[in-house]
Amino acid sequence: MKIWMDGEFVAKEDARISVYDHGLLYGDGVFEGIRIYNGKVFQRAAHMDRLFSSAEKIRLEIPYSKAELVEAMDLCIRTNGLTEGGYIRLVVTRGAGTLGLHPFWCPKASVFIIADQIQLYPTELYETGMGVIVAKRPRISPEMLDPAVKSLNYLNNILAKVEAIDVGLLEAVMLNDQGNVAECTGDNIFLVDGGVLVTPPVSAGILIGVTRNVTIMLAKRAGIAVVERDFKPAELYEADEIFVTGTAAEIMAVTKVDDKVIADGKAGAVTRQLLQAFRDFIETDEAYE
Ligand code: PMP
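Read on for a plain summary of the structure. Treat the numbers as computed from the prediction; the structure is a model and nothing was measured.

**Let's talk about the packing of aromatic side chains**
Evaluation of the coordinates by the stated rule reveals seven aromatic pairs. Geometrically, the ring pair formed by Trp4 and Tyr64 is edge-to-face, given 5.3 Å between the ring centres and 65° between the ring planes. Taken together, the residues Trp4 in strand β1 (residues 2-5) and Tyr64 in the loop between α2 (44-57) and α3 (66-79) connect sequence positions 60 residues apart. For Trp4, a relative accessible area of 6% translates into the label buried. The exposure class of Tyr64 is buried, given its relative accessible area of 16%. Residues Phe42 and Tyr288 carry aromatic rings whose centres are separated by 6.3 Å and whose planes lie at 75° to one another, so their mutual orientation is edge-to-face. Within this pair, whereas Phe42 is found in the loop between β4 (40-41) and α2, its partner Tyr288 is found in the segment after α8 (269-282), the two being separated by 246 residues in sequence. For the pair Phe42 and Tyr288, one class covers both residues: buried. Pairwise contacts between aromatic rings join Tyr37, Phe42, Phe278, Phe281 and Tyr288 into one cluster. One cation-aromatic arrangement involves Lys40 over Tyr288; the distance from NZ or CZ to the ring centre is 4.5 Å. Arg279 extends its terminal NZ or CZ atom over the ring of Tyr126, reaching a point 5.9 Å from the ring centre.

**Examining the packing of α2 against α3**
The interhelical angle for the contact between α2 and α3, taken along N-to-C directions, is 125°, at an axis separation of 11 Å. Between α2 and α3, the interaxial angle falls into the category oblique. Seen along the crossing, α2 lies across α3 with a hand that is right-handed. Where α2 approaches α3, its residues Arg44, Met48, Asp49, Leu51 and Phe52 are matched on the opposing element by Lys66, Leu69, Val70 and Met73.

**Examining the sheet that holds strand β6 (residues 110-116)**
Taken in spatial order, the six strands of this open sheet run β2-β1-β6-β5-β3-β4, and their pairing is antiparallel. Since the sheet does not close on itself, it has two edges, and those belong to β2 (8-11) and β4, each with one partner. Both strand β3 (residues 29-37) and strand β5 (residues 87-93) contribute to a ladder of seven bridges, which runs antiparallel. Residue pairing in the sheet places Gly33 in a bridge with Arg89 of β5. The strands that α2 touches are β3, β4 and β5; relative to β3, the one it contacts most, it runs at about 175°.

**Remarks on the site of the ligand**
Neighbouring the ligand are 17 residues, the closest being Tyr154, Glu183, Val210, Thr211 and Thr247. In this structure, an oxygen atom belonging to the ligand sits 2.8 Å away from a side-chain N or O atom of Arg50. In this structure, an oxygen atom belonging to the ligand sits 2.8 Å away from a main-chain N or O atom of Val210. Notes on the ligand: free accessible area 390 Å², of which the protein chains cover 93%. When atoms are counted within 2 Å of each cavity's grid points, the one that captures over half of the ligand is the largest pocket. Elements with a minimum of two residues in the shell around the ligand: β9 (181-184), α6 (210-221) and β13 (241-246). Partitioned by chemical class, the residues of the shell around the ligand number four nonpolar, nine polar and four charged.

How each quantity is defined
Residues numbered from 1 in each chain as written. Predicted model: local features only at pLDDT ≥ 70, side-chain atom pairs only at ≥ 80, totals over all residues. Heavy atoms only, no water. Phe/Tyr/Trp six-rings, centres within 6.5 Å; stacked < 30°, edge-to-face > 60°. Helix = DSSP H or I, 4+ residues; strand = E, 2+ residues; numbered from the N terminus. Buried < 20%, exposed > 50% of the residue type's maximum accessible area, 1.4 Å probe, protein only. Lys NZ or Arg CZ within 6 Å of the ring centre and 35° of its normal. Axes fitted to C-alpha atoms, helices over the stretch in contact; angles between N-to-C directions. Parallel < 35°, antiparallel > 145°, perpendicular 65-115°, else oblique. Left-handed = near helix turned anticlockwise from the far one by under 90°. Contact = heavy atoms within 4.5 Å. Pairing = 2+ DSSP bridges. Near = heavy atom within 4 Å. Polar contact = N/O pair within 3.5 Å; in protein donor to acceptor, adjacent residues only side chain to side chain. Areas by Shrake-Rupley, 256 points an atom, 1.4 Å probe, with all protein chains shown as cover. 1 Å grid on protein atoms, 1.4 Å probe; cavity = no way out; pocket = protein on both sides within 12 Å on 5 of 7 lines; lining within 4 Å. Sits in = over half its atoms within 2 Å of the grid points. Nonpolar A, V, L, I, M, F, W, Y, C, P; charged D, E, K, R; others polar.

Structure below.
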């Protein structure tokens, strides 16, 4: 396993970052989690756009162009022989600096790319769907730290996930400060109501998921109506179907929310149709633009 670090390949054991790096000291940095299918980078333009937009919002300058990072990712895939599946973690930290907060006293951002295998949810879960809880801890508001920034600060999500882990589950629904559903700790969320696909709008305070956007596009192409609007957790309990989307999860049915079983407790027809559409999409060139 070789890691790309600031332009050079380093063995996994030797890939190290300074203890003065503000990514470590303060969670000051941004990242992307990207799927590799058929040896290619999934939705590379969307991931590059989000990375650079995240960096801009925290006033972090990435010392490479999008094209250079795409080339580095391709090199990582080939160097590590990832011909089938795989996952890329592309991280840009503020870089090594002083012990104070001052971000601009870090002379240069650190960039590294890990291309490895990914641990998926257990296969059975795609049939049975998974249970989630509604977390008590709200999602951080856009005024505090815009959830659209995919930053290295994940403690808000991690502590909500711990609420789920404490009751034997893997994912939690997070509400915004108005009590509307925002997203899950590492996934976006959708419900199906009377054949219409409903998902929280960007204004609810969410990460604008690459998988979310692909799912919306595929649903529209399949003639399924998609509405982005706010809703309360009570609507989840009454939904015909619920699923979450994410780079790791792809499209995963949710069949229980808190103590409430959703519909008949199995992955619903629309969820299964969209998962199939997603898998078909992976086989097209359009998926790798
Ligand atoms: N929300 C959060 C908080 C996430 O961390 C992620 C990514 N794991 C998502 C949504 C899904 O985004 P994507 O489809 O781009 O992976």
